[in-house]
Amino acid sequence: MKKFNISRHFAQIAPVYRHVRTLDPEPILAIRDILVQHKKLKKPIKIADIGAGTGRYTELLIKILKPENINAALLIDVSFEMLSMAQSYLAGRKAYFINSPAENLPLKSQTIEVLTAFNAIHHFDFKKFIREAQRVLKPGGFLFIYTRTQEQNRRSIWGKFFPNFSDKEYRLFWKDDLIKRLKRLKKFELVSYTEFEYPRISTMEELLKKVFAKHYSTFYLYDDEEYKQAVKLFKQNLLKYYDPEQITYTDENTLIALKKN
Ligand SMILES: C[S@@+](CC[C@H](N)C(=O)[O-])C[C@H]1O[C@@H](n2cnc3c(N)ncnc32)[C@H](O)[C@@H]1O
């Protein structure tokens with residue numbers, strides 16, 4: 001299997017990332033509801049979004065939680081290029097940009113009320129990240145993880161029709177394994193595990209635009225020739241079932257809420 005060069009991938013995709021990935025407000029609304037339910041928005045809070053990328057979810061989080069409820073929003077990412085894009089969208093909005101790995105956060109212990117990681121946990125060393133999350137969160141603070149499980153990935157349009165997509169994507173967790181790992185965490189209580197389904201409609205042209213931009217890092221796990229062949233077969237597979245002007249499918253994601261004891 002091709003070795004994945006994460007910095008190269010995110011440096012290349014940074015300028016178009018926001019155009020080729022879908023942004024769903026549902027997990028942010030769910031985060032707001034959990035924080036309200038646990039009375040966490042009574043005073044302005046400090047949030048840190050880890051693997052924040054271009055900051056699209058951080059931006060939505062600030063908007064939905066309301067800027068007056070946020071003391072500071074720290075956007076933390078290993079990719080300088082992704083963070084530079086985030087800066088162009090969020091500068092001056094209580095946002096601070098930190099170029100750092102998730103596994104070694106340059107934050108003081110017990111200083112953060114809410115930590116988030118959207119579409120990023122599969123890039124992290126899970127154990128090291130959790131250790132850091134435990135350290136930087138205040139007692140009673142929340143860690144929200146938004147991800148796709150292996151099962152959800154396999155049911156996606158890419159998993160179904162793009163050759164070898166699911167088998168190449170070895171980094172995502174299987175649902176049972178993920179829940180087992182979360183329940184084993186001594187310093188966190190698993191508050192909720194919520195699965196979301198998003199019905200989508202697209203054209204062949206739009207889907208191919210995403211493929212050519214390599215909107216999922218999974219595409220970097222293909223060799224060049226294998227990738228070319230896979231794109232060809234993906235097109236053929238879709239044409240067997242869909243009108244190229246109207247391709248319907250469902251995306252699925254999972255939101256995990258963990259509360260630090
Ligand atoms: C798929 S993108 C998601 C970006 C953003 N959270 C979103 O949903 O739009 C994953 C992000 O995680 C970052 N990343 C990958 N490994 C990381 C690590 N070990 N520490 C911090 N950030 C990391 C990448 O640079 C990239 O910006």
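Residues numbered from 1 in each chain as written. Predicted model: local features only at pLDDT ≥ 70, side-chain atom pairs only at ≥ 80, totals over all residues. Heavy atoms only, no water.

An unreviewed UniProt entry annotates the chain as Methyltransferase domain-containing protein originating from Candidatus Kryptonium thompsonii.

Right, let's get into the layout of surface pockets. Approximately 520 Å³ is the volume attributed to the largest pocket. Taken together, 38 residues line the largest pocket, and the ones lying closest to its centre are Ile6, Phe10, Asn119, Ala120 and His123. Counting residues per element, the ones that place at least two in the lining of the largest pocket are helix H1 (6-13), strand S1 (45-50), helix H4 (56-65) and strand S2 (70-77). Per-element accounting of the lining of the largest pocket gives the leading share, three residues, to H1. (1 Å grid on protein atoms, 1.4 Å probe; cavity = no way out; pocket = protein on both sides within 12 Å on 5 of 7 lines; lining within 4 Å. Points joined across faces, edges and corners; volume = space filled by probe spheres on them. Helix = DSSP H or I, 4+ residues; strand = E, 2+ residues; numbered from the N terminus.)

Let us look at a positive patch on the surface. On the surface, a cluster of positive charge is contributed by Lys127, Lys128, Arg131, Lys180 and Arg184. At the level of elements, helix H6 (126-136) and helix H10 (175-184) are the ones that each hand at least two residues to the positive patch. Sorting elements by how many residues they give to the positive patch places H6 first, with three residues. Summarising the element assignment, lysine 128 is placed in helix H6. With a relative accessible area of 41%, lysine 128 lands in the partly exposed category. (Patch = residues over 30% accessible without salt bridge, like charges linked within 9 Å, V, L, I, M, F, W, Y side chains within 5 Å. Areas by Shrake-Rupley, 256 points an atom, 1.4 Å probe, with all protein chains shown as cover. Salt bridge = Lys/Arg side-chain N within 4 Å of Asp/Glu carboxyl O. Lys, Arg positive; Asp, Glu negative; His and termini not counted. Charge placed at Lys NZ, Arg CZ, Asp CG, Glu CD. Buried < 20%, exposed > 50% of the residue type's maximum accessible area, 1.4 Å probe, protein only.)

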